[in-house]
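What the coordinates show
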2 protein chains.
Amino acid sequence: MDRHIPPIARWQLAERAQRMKPSSLRELLKVAERPDIISFAGGLPSPYALPVERLRASVEQILQRDAVGALQYGPSEGYTPLREAIAARLSRGGAIIRPAQVLITTGSQQALDLVGRVLIDPGSRVLIETPTYLGAVQALAQYEPAFREMPSDGAGLIPECLDETAMRDARLLYVQPNFQNPTGRTLPLERRIALVAQARRHGLLLVEDDPYGELVYSGTTPPSLLSMAPDDVVHLGSFSKVIAPGLRVGYLVAPEALMIKLLQAKQASDLHTAGITQRLAHALLTDGEYDAQIDAIRLRYRAQCALMLKCLAEHMPDGVSWTRPAGGMFLWVTLPPEVDSAELFEDALARGVAFIPGASFHALAPRANTMRLTFTTATPTQIETGIARLAQAIKARLHATAPCLAVS
Amino acid sequence: MDRHIPPIARWQLAERAQRMKPSSLRELLKVAERPDIISFAGGLPSPYALPVERLRASVEQILQRDAVGALQYGPSEGYTPLREAIAARLSRGGAIIRPAQVLITTGSQQALDLVGRVLIDPGSRVLIETPTYLGAVQALAQYEPAFREMPSDGAGLIPECLDETAMRDARLLYVQPNFQNPTGRTLPLERRIALVAQARRHGLLLVEDDPYGELVYSGTTPPSLLSMAPDDVVHLGSFSKVIAPGLRVGYLVAPEALMIKLLQAKQASDLHTAGITQRLAHALLTDGEYDAQIDAIRLRYRAQCALMLKCLAEHMPDGVSWTRPAGGMFLWVTLPPEVDSAELFEDALARGVAFIPGASFHALAPRANTMRLTFTTATPTQIETGIARLAQAIKARLHATAPCLAVS
């Protein structure tokens with residue numbers, strides 16, 4: 001039998017595949033999963049927040065009443081009653097959203113993939129926040145855009161600093177207005193109004209990713225970009241944070257002309273999202289306990305967020321600052337400029353605590369002295385212990401990098 | 001408020017999206033779903049073959065024993081016990097398949113999408129059978145390859161007629177060796193041996209799509225291409241035909257160097273396949289009744305296939321021929337050359353019966369006098385009535401197109 005050339009050289013890969021890099025984050029998350037580690041790394045919901053009993057009751061009903069519907073091939077657009085329920089809920093936001101504008105996706109990660117597929121050619125300009133959600137960068141990067149980071153501060157994108165030429169040329173601007181991943185920041189109303197006006201003026205499509213919008217802990221969120229400009233926005237939503245990520249049910253809302261293409265891309269991607277999981281999302285969304293479930297999650301996460309903020313204030317040395325999110329799952333810590341959070345990660349791990357270094361959330365120019373902390377997954381006791389350990393690791397590193405100051 | 005440019009002109013779409021065309025097949029299948037129509041059109045399993053009771057029992061157990069595992073985020077590779085069970089089952093075929101070679105996908109449609117994404121650049125040559133599976137063409141077409149149809153006959157691809165230059169240049173050859181969609185034909189052992197030898201000689205990657213391999217009604221299938229050349233084949237499998245399509249659980253098996261890239265593409269596509277549906281597939285694959293379930297499906301479909309063949313022989317006029325599949329879901333009918341099956345579709349619909357015109361299964365040069373009939377979905381009574389009606393429609397059209405012959 002003829003002997004083979006080594007496999008790596010055997011097939012010519014597509015250019016986009018040659019550019020794909022193994023995710024360092026993935027390796028890092030694997031380490032963070034070790035049972036001896038207190039992890040603030042993964043963006044996971046609390047296991048205690050999963051509505052297991054309601055799902056168990058619902059799946060029983062679905063397989064009794066609609067087994068063939070749930071198990072046979074289904075429409076690529078998604079399960080009609082689920083699309084109707086999503087449209088009705090989003091229409092509370094002001095603008096009327098029709099079920100025909102809603103496409104069910106296999107998690108909102110797939111929505112990002114479809115948006116990239118339909119809108120991005122190699123070299124197309126794509127505008128993003130600084131920092132921004134890594135999963136979005138990974139999904140869109142497959143279609144080989146030229147990313148451009150837009151000026152952002154503690155409140156998010158700064159509309160008056162957006163480059164007019166970039167806006168005119170760009171295929172889309174990707175933004176998470178509510179409790180952004182990784183920073184936890186929320187784009188204020190006046191910036192939303194300004195952003196929408198600019199987008200309309202320049203014919204720029206806004207891709208509004210809103211997986212955390214329901215997780216409000218103080219005040220209310222400003223109106224969505226979708227509600228302000230339904231003809232200019234593709235809006236992405238998810239049930240991963242309020243029901244369960246393992247269902248892999250998300251959705252997008254798009255203007256009609258884009259919907260046609262997004263639907264064709266969806267059909268070619270996986271035909272349709274699983275019938276059972278779509279019906280489970282529908283059952284939980286409409287069983288009358290959905291808002292109560294969200295309230296229970298808010299109560300839990302609000303307390304965990306407050307506790308983490310309290311522990312940070314107690315333990316962190318001078319020169320460390322952090323965001324105070326009004327919702328979501330994450331807060332963002334800025335370290336003194338001399339601390340590289342990737343190096344700190346190793347120290348912290350040795351002390352039994354994990355986070356995500358901030359460099360992971362920049363498409364272009366990483367800032368090394370930042371990190372993301374998730375406050376939803378760990379228990380209160382773990383939060384207390386973990387933040388204390390993390391502060392020790394930071395202090396040790398500050399001590400190590402500035403020995404002269406330490407004795408002054 | 002400024003008035004908008006009409007939506008279609010507002011955003012610049014990616015080139016691949018501009019080329020996407022609405023699926024005529026989709027419209028056609030919608031018509032075929034009307035309750036007054038006997039449909040041989042869709043490629044659906046029989047609703048009577050869905051293992052509803054076993055799924056109900058399994059989902060109950062999963063949510064009792066492993067709720068958090070099923071509902072939380074999971075690994076992109078898939079649920080490890082499912083990968084192990086698939087590898088063990090495939091290893092029965094001769095070659096040892098390791099779980100690390102198995103990637104769980106959201107239906108095997110997603111596997112096709114991932115293969116295209118990792119291997120196809122615009123203009124890359126991709127070799128296909130004539131006719132071939134439409135869903136594969138749609139998935140791969142998104143990556144803008146130059147398709148080339150390979151010489152095929154009633155037994156499938158003809159290895160000795162394959163173009164050597166084309167094989168050397170091509171990124172992949174897509175083939176369904178068992179009970180092919182749409183023809184029902186099976187590639188004989190000697191052709192498999194020749195094909196594998198040629199692929200190795202020219203460094204051509206074979207993409208072996210095998211959704212119907214378990215649905216054997218007479219004899220046995222030859223060894224898979226995977227078992228003959230695991231280093232040269234990406235093998236796609238599915239639970240859609242033997243458990244339920246609505247689960248959206250499929251898989252691919254790939255050589256290690258490709259797996260790395262396919263996994264990265266999977267992660268960017270939808271993070272992972274739903275936890276519940278993967279565990280359901282695993283539960284049914286390993287509960288000891290899987291082979292009995294397959295036997296029951298075979299028994300049903302074998303009878304329906306035989307009945308359709310009998311009805312065709314009874315009712316069809318001279319000049320109509322059809323394949324005699326040894327398994328699968330489809331048979332392929334060739335009409336007299338003067339009959340256009342797209343026109344016949346309208347006549348048949350008026351008589352209350354539907355099929356898929358054969359032109360839908362050609363990427364390049366459609367042959368108009370062919371059609372695909374599905375024998376799995378309709379009941380025996382519907383098969384008898386439907387084939388009789390279809391024969392009437394064909395006779396009427398032959399009569400209409402050849403009035404002189406009719407009186408001779």
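Please read these numbers as outputs of a predicted model, since none were measured by experiment. (Residues numbered from 1 in each chain as written. Chains lettered and ligands numbered in written order. Predicted model: local features only at pLDDT ≥ 70, side-chain atom pairs only at ≥ 80, totals over all residues. Heavy atoms only, no water.)

1. Topic: the sheet that holds strand S9 (residues 233-238) of chain A
Residue and element names in this part refer to chain A. This is how it is decided: Strands qualify as paired when DSSP identifies two bridges or more between them. Strands here are runs of E lasting at least two residues and helices are runs of H or I lasting at least four, both read from the DSSP assignment and numbered beginning at the N terminus. To get an axis, fit a line to the C-alpha atoms, keeping to the stretch in contact for a helix; angles then go from 0 to 180 degrees between the N-to-C directions. Every residue pair with non-hydrogen atoms within 4.5 Å of one another is taken to be in contact.
In space, the 7 strands of this open sheet follow the order S2-S10-S9-S8-S7-S3-S4, with mixed pairing throughout. Edge positions in the open sheet fall to strand S2 (102-105) and strand S4 (146-149), since each of these has one partner strand only. When the angles between neighbouring strand axes are averaged without regard to direction, this sheet yields 20°. When S9 meets strand S10 (residues 250-253), the two strands line up antiparallel, connected through 4 bridges. Paired with Leu236 across the bridge in S10 is Leu252. Sheet strands in contact with helix H5 (residues 80-91) are S2, S9 and S10, and its direction is about 120° off that of S2.

2. Overview of the nonpolar core
This is how the line gets drawn: Here the nonpolar core consists of buried residues drawn from Ala, Val, Leu, Ile, Met, Phe, Trp, Tyr and Cys, with membership extended through side-chain atoms lying within 4.5 Å. Per-residue accessibility, obtained with a 1.4 Å probe over protein chains only, is compared with the maximum for each type, and a residue is labelled buried under 20%, exposed over 50%, and partly exposed between these values.
Ranked by internal contacts, the top residues of the largest apolar core, which has 210 residues, are A:Leu71, A:Leu173, A:Phe239, A:Leu373, B:Leu173, B:Phe239 and B:Leu373. B:Leu173 has contacts with B:Leu127, B:Met150, B:Leu157, B:Leu162, B:Leu195, B:Leu204, B:Leu205, B:Leu206 and B:Val207, leaving out every residue within four places of it along the chain. Among the nonpolar cores identified, the runner-up in size contains 68 residues, and A:Trp11, A:Ala17, A:Val137 and B:Ala136 belong to it.

3. A word on the pattern of salt bridges
Residues and elements named next belong to chain A. The line we're drawing: For salt bridges, the criterion is a side-chain nitrogen of Lys or Arg within 4 Å of an Asp or Glu carboxyl oxygen.
Following the criterion strictly, the structure yields 44 salt bridges over all chains and no others. Ionic pairing is found between Glu214 and Arg89, a salt bridge with its closest N-O pair at 2.9 Å. Residue Glu214 is found in the loop between strand S8 (206-209) and helix H10 (225-228), and its partner Arg89 is found in helix H5; the two are separated by 125 residues along the sequence. For Arg89, a relative accessible area of 17% gives the class buried. Among the ionic contacts, a cluster of salt bridges with common partners joins Arg89, Arg92, Glu214 and Asp291.

4. Observations regarding the interface of chain A and chain B
Test applied: Each of two parts loses accessible area, computed with a 1.4 Å probe, when they are put together; buried area is these two losses added. Throughout this description, a polar contact denotes any pair of N or O atoms lying within 3.5 Å of each other; where both atoms belong to protein, one of them has to be capable of donating a hydrogen while the other can accept it, and for residues adjacent in sequence the pair is counted only when both atoms sit in side chains. Here the nonpolar group is Ala, Val, Leu, Ile, Met, Phe, Trp, Tyr, Cys and Pro; Asp, Glu, Lys and Arg are the charged ones; every other residue, Gly included, is treated as polar.
The interface of chain A with chain B comprises 86 residues on the first partner and 86 residues on the second. Of all residues in chain A, A:Trp11, A:Leu71 and A:Tyr73 bury the most surface against chain B, accounting for 10% of the area lost on that side. Taken together, the links from chain A to chain B amount to 2 salt bridges. Between A:Arg117 and B:Asp113 there is a salt bridge, and its shortest N-O distance comes to 2.8 Å. For the pair chain A and chain B, the number of links is 34 residue pairs in polar contact (both at pLDDT 80 or more). Of all elements in the fold, only helix H1 (15-19), helix H3 (52-65), helix H4 (67-71), helix H6 (107-119), helix H7 (134-141), helix H11 (256-270) and helix H12 (275-286) of chain A reach the threshold of two or more residues within the side of chain A that touches chain B. By residue number, the principal contributor to the side of chain A that touches chain B is H11(A), which donates 10 residues. The residue makeup of the side of chain A that touches chain B, split by class, is 42 nonpolar, 24 polar and 20 charged.

5. Considering the pairing of strand S15 (residues 370-374) of chain B
Residue and element names in this part refer to chain B. The buried fraction of S15 is high, at 5 of 5 residues. The side-chain alternation of S15 yields two buried faces, one formed by Thr370, Arg372 and Thr374 and the other by Met371 and Leu373. Summarising the sheet, strand S14 (residues 356-357) and S15 pair through 2 bridges and their orientation is antiparallel. Across the sheet, Pro357 pairs through a bridge with Met371, a residue of S15.

6. Observations concerning the confidence of the model for chain A
All names here are of chain A. Here is the rule we go by: Think of pLDDT as the predictor's per-residue confidence, scored from 0 to 100.
Across chain A, pLDDT averages 92, with 96% of residues at or above 70. Considering only residues more than four positions removed or in separate chains, one finds that residues 1-8, a stretch of pLDDT under 50, has 9 contacts. The ipTM for the predicted assembly is 0.93, set against a pTM of 0.94.

7. Some details on unusual backbone geometry
The linkage connecting A:Asn181 with the following residue, A:Pro182, adopts the cis geometry, with an omega of 20°. Of note, A:Pro182 is situated in the loop between strand S7 (172-175) and helix H9 (189-202). Residue B:Glu144 is not a glycine yet carries a positive backbone phi of 55°. With respect to the helices, strands and loops of the structure, B:Glu144 is situated in the loop between helix H7 (134-141) and strand S4 (146-149). Not every positive phi belongs to a glycine, and B:Phe179 is a case in point at roughly 50°. Inspection of the secondary structure assignment puts B:Phe179 in the loop between strand S7 (172-175) and helix H9 (189-202).

8. Comments concerning the environment of B:Tyr290
All names here are of chain B. Here Tyr290 is to be found in helix H13 (residues 290-315). According to the relative accessible area criterion, Tyr290 is buried, its value standing at 4%. Remark: the alpha-carbon pair of Tyr290 and Val242, spanning 48 residues in sequence, is separated by 8.6 Å. In this structure, Tyr290 is in contact with Arg54, Arg89, Glu214, Phe239, Val242, Ile243, Leu284 and Leu285, ignoring residues within four places of it in sequence.

9. Brief notes about the sheet that holds S7(B)
Residues and elements named next belong to chain B. Spatially, S2-S10-S9-S8-S7-S3-S4 is the arrangement adopted by the 7 strands of the open sheet, whose pairing is mixed. The open sheet terminates on both sides in strands that have one partner only, identified here as strand S2 (102-105) and S4. Mean inter-strand twist for the sheet, computed between neighbouring axes without regard to direction, equals 20°. Where strand S3 (residues 125-128) and S4 come together, 4 bridges link them in parallel fashion. Directly across from Ile128, in S4, lies its bridge partner Glu149. Those strands touched by helix H5 (residues 80-91) are S2, strand S9 (233-238) and strand S10 (250-253), and its axis lies near 120° from that of S2.

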